[in-house]
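As a plain string of letters, each chain reads:
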Amino acid sequence: MVEVFEYGGYAGQLLRVDLTKREIGKEPLSKELCTLYIGGRGRDAKILYDELPPDADSLSPDNMLCISTGPVTGLLGVTTGRLNVAARSPLTGIYGNSNAGAHWGPELKYAGYDGIIIKGKSPKPVYLYVEDDLVELRDAGHLWGKGVLETTSTLQRDHGDPDLKVAAVGPAAENGVLYGCLIFDYWDAAGRTGTGTVMASKNLKAIAVRGTGALRVADPNRYMEVVRDSWQALMDEPGFRTQEHAALGTPVILAVGNAQGWLPTRNFRETVFEKAYDIAGEAFRDRFSIKESPIPGGRACLSCPNRCKRFGRIESGKYAGTKGGIEFETLAAFGSKCGIGDLEAVFHASMIANDLGVDTISCGNTIALFMELHEEGILSHEELEGLDLHFGNAEAMIEMIHRIAEKKGKLGELGALGVRKAAKAIGRGAEKYTTDVKGLETIGTDPRVAIGFGFGYAVASRGSDHLRAHPVFEMLPYFRAVAEELFGSKEACMLGAFGGKVRLIFWHENMAAVTDSMGTCRFMHASFYPEYPIPEIMSKQFKGGKKLLSVKYHEWLSAATGIPFTYETLLQAGERVVALERALNTRFGVRRKDDTLPQRFFNQPVPSGKFKGRVFPREKFEAMLDEYYELRGWDKRTGLLFEDKLVELGMKDVAEDLKRRGLLASKAEAGAAKRKA
């Protein structure tokens, strides 16, 4: 008889795969991992911290690939289809992870597993097949070199199961492109930091999953109450009620970003794109959707009413037959950042990148960098190997995606490195034009205008990225009452302003760590904001005492698992995950000097638009960083963690490990520096 795991929501066991030894094991899930780190992103970080040698090369058999679901993944509830993928990043050399949705994660839970831990390297290409108790490594020689779409469809056909859930890497990861990604269920990418390249370096082409089991929750009656309230909270949320996001998907934000003046254009030279409306979500809906408005064709992850994955098809012209979905970040990466206003070309580029398995953000940024370097005279015509790589040249951009994925020619090899390493290899002042933090390329929001986003890039554990915090809040000026109560300043929800932004990022980072660890979608605590206590604060503004429901993550998680969480202890769990990722990065060499922004954002003013002349003042940035370290309990001089803060967070084992390595901050030295100052 199989012992039932003590906590609800969880499947109760992990899979361990050693590809070198061709060994597969199953182990009970640690209850401590559940109570301290919840699951998903938190569990992956702790496994890597405990087991990954700090000197392990990212592409060596010693690196580990962790794929984890959360305790609500696969359950009833709002947006419960998410999972986490983590490893040491080959792109940045530090902690790398990415989040994905679709239905693969729930299927893994139904098969009886909360996650998979993979190490070693197979001597030949294989795929992992999971069907309930049956777990096997099978030959993937016939799949190697194939695109993600063909790999997925072939596995479904071979197994005679169109509902088989497949996670696959493409040729780009196989060829060693440092930002190769892992694609789930045809279309959902764990896109960032090169986790797909880690998987391919192990000669693991795909993971196919089929599950027929069930999940239980600790308190079914209470769970249904909490979930019902959560659904209603979302339905009552003003932004959700417009259905603009559901109608247009994430591209809804492109036209908004252009109007607000923060849309990166021509490798961040500008923040307003003259052809923005030609590539915006409205244009995609009107030209390519296969279903009429108000809600065009879209795909959704499990249990999601938002359906942000727009679906469309090009029926005629040079790109006829292109079909799939497109995201805002991809529109920005291949569109405005490259100065391209041809939506058909951008859509086609997106689908090529997905099938080849490259992160569209890193890829688009790298191409935009090369375009600027050519226009600045740093990359010559000869070095471009026949490509007319100017801003606005869509055909050259599409060709460049192929060259990068194949590592074709010198330019393709450089492009496969990402912006930081490519610029360093090129030299001649190329590094002046890069836009990355800690080696990860910057997303589609300019930090000189969106101050919270920009500061979030600087302190994010995986590098220049928005999803560590996702502070869309600062673009929503109607939340001023919430901003003042939660973050101490109405400016927290104002673009271009600085007040309350550090507390804004601190809170959003903690909440993001919680949702990534639970297995829910970020849109519930960013973009829509129906979560506690924001609706309660908004309710105070209504005359007559109108009450708004909220998504109470602490009650949701408690009802699912049986672990007693309060709002405060749940936020502390998020803070614990952030501290753990910092501890990991400390072992990889990250210090205060790495928590910064690219030079052009400090020195190069915005040339036009509402925020013309703006930079991110360095003195303000440094003051914000001091405040952030104070909130986190980290050393302001070095960025190292203090022992007492780790102990306060229940992380005594991490504190002892860092102490042995000489990587804890010294209270005495910090105090002496403060007195001297």
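One can find the structure itself at the top, above this paragraph.
Thresholds applied
- Residues numbered from 1 in each chain as written.
- Predicted model: local features only at pLDDT ≥ 70, side-chain atom pairs only at ≥ 80, totals over all residues.
- Heavy atoms only, no water.
- Core = buried A, V, L, I, M, F, W, Y, C linked by side-chain atoms within 4.5 Å.
- Buried < 20%, exposed > 50% of the residue type's maximum accessible area, 1.4 Å probe, protein only.
- Contact = heavy atoms within 4.5 Å.
- Helix = DSSP H or I, 4+ residues; strand = E, 2+ residues; numbered from the N terminus.
- Axes fitted to C-alpha atoms, helices over the stretch in contact; angles between N-to-C directions.
- Parallel < 35°, antiparallel > 145°, perpendicular 65-115°, else oblique.
- Left-handed = near helix turned anticlockwise from the far one by under 90°.
- Nonpolar A, V, L, I, M, F, W, Y, C, P; charged D, E, K, R; others polar.
- Pairing = 2+ DSSP bridges.
- Salt bridge = Lys/Arg side-chain N within 4 Å of Asp/Glu carboxyl O.
- 1 Å grid on protein atoms, 1.4 Å probe; cavity = no way out; pocket = protein on both sides within 12 Å on 5 of 7 lines; lining within 4 Å.
- Points joined across faces, edges and corners; volume = space filled by probe spheres on them.

S.K.: Would you mind showing me how to read the nonpolar core here?
M.R.: For soluble globular proteins, the rule of thumb is that nonpolar side chains tend to be buried together. Counting residues in hydrophobic clusters, the biggest one holds 184 residues, and the most contacted among them are Ile367, Phe370, Leu389, Met397 and Phe473. Look past the residues within four positions of leucine 389 in its chain and what remains in contact with it is Ile367, Phe370, Met371, His374, Leu384, Ala396, Met400 and Leu411. Core analysis: the second largest hydrophobic core is formed by 32 residues, Tyr113, Leu204, Ile207 and Val209 among them.

S.K.: I would appreciate a short explanation of the environment of cysteine 181 in the present structure.
M.R.: Within the secondary structure, cysteine 181 sits in the loop between α5 (171-174) and β10 (182-184). Among all residues touching cysteine 181, those that are not within four sequence positions of it are Ala168, Val169, Ala189, Ala190, Gly191, Gly196, Gly357, Val358 and Asp359.

S.K.: Where do I start with the packing of helix α14 (residues 360-375) against helix α17 (residues 419-426) in this structure?
M.R.: Axis angle and axis distance: for two packed helices, these are the angle between their axes and the distance between the axes, and together they describe the pair. Look at α14 against α17: their axes get within 10 Å of each other, and the N-to-C directions meet at 30°. Considering their axes alone, α14 and α17 lie roughly parallel with respect to each other. Every pair of crossing elements has a handedness; the one defined by α14 and α17 is right-handed. Only Val419, Ala422, Ala423 and Ile426 of α17 make contact with α14, whose side of the interface consists of Asn365, Thr366, Leu369, Phe370 and Leu373. Residues belonging to the contact of α14 with α17 are distributed by class as follows: seven nonpolar, two polar and no charged.

S.K.: What is the right way to look at the sheet that holds strand β7 (residues 126-131) in this model?
M.R.: Paired through their backbone hydrogen bonds, the strands of a sheet run either parallel or antiparallel. A sheet is described by the order of its strands in space; here six strands give the open sequence β8-β7-β12-β9-β10-β11, paired in mixed fashion. Single-partner strands in this sheet number two, and they are β8 (134-139) and β11 (188-190). The sheet shows a mean angle of 20° between the axes of neighbouring strands, taken without regard to direction. Examined bridge by bridge, strand β9 (residues 165-168) and β10 share two bridges and lie antiparallel to one another. The residue bridging alanine 167 from the neighbouring strand is phenylalanine 184, located in β10. Of the strands in this sheet, β7, β9, β10 and β12 (204-210) are in contact with helix α4 (residues 148-158), which crosses β9 at around 145°.

S.K.: Would you mind going over the pattern of salt bridges with me for this structure?
M.R.: In a structure, side chains of opposite charge can pair up when their charged atoms sit close to one another. This structure, assessed with the given rule, holds 54 salt bridges. Measuring nitrogen to oxygen at the nearest pair gives 3.0 Å for the salt bridge that ties aspartate 359 to arginine 192. Taken together, the positions of aspartate 359 in the loop between α13 (343-356) and α14 and arginine 192 in the loop between β11 and α6 (195-201) put the pair 167 residues apart, joining distant regions of the chain. Exposure remark for aspartate 359: the relative accessible area of 4% places this residue in the buried category. For arginine 632, the salt bridge goes to glutamate 509, with nearest N and O atoms at 2.8 Å. Of the two residues, arginine 632 is situated in helix α25 (residues 618-632) and glutamate 509 in helix α20 (residues 501-518); the sequence distance between them amounts to 123 residues. Classification of glutamate 509 as buried rests on a relative accessible area of 3%.

S.K.: Is there a simple way to explain empty space enclosed by the protein in this structure?
M.R.: One way to see where empty space is left: roll a probe the size of a water molecule over the atoms. Tallied over the entire structure, the rule returns two cavities of 30 Å³ or more. Looking at the largest cavity, its volume works out to about 100 Å³. Around the largest cavity, the lining is made up of 14 residues, and of these Val459, Ala460, Ser461, Val578 and Trp634 lie nearest the centre. At four residues, the largest contribution of residues to the lining of the largest cavity is made by helix α23 (residues 567-587).

S.K.: Sorry, what's going on with the packing of α20 against α23 here?
M.R.: In the contact formed by α20 and α23, the axes pass within 8 Å of each other and the chain directions differ by 90°. Relative to α23, the element α20 lies roughly perpendicular. Seen from α20, the contacting residues are Phe506, Trp507, Glu509, Asn510, Met511, Ala513, Val514 and Ser517; seen from α23, they are Tyr567, Leu570, Leu571, Gly574, Glu575, Val577 and Val578. For the contact of α20 with α23, the residue count by class is ten nonpolar, three polar and two charged.

S.K.: Looking at this structure, how should I read the side chain of threonine 330?
M.R.: Within the secondary structure, threonine 330 is located in helix α12 (residues 328-334). Using a relative accessible area of 6% as the deciding quantity, one classes threonine 330 as buried.

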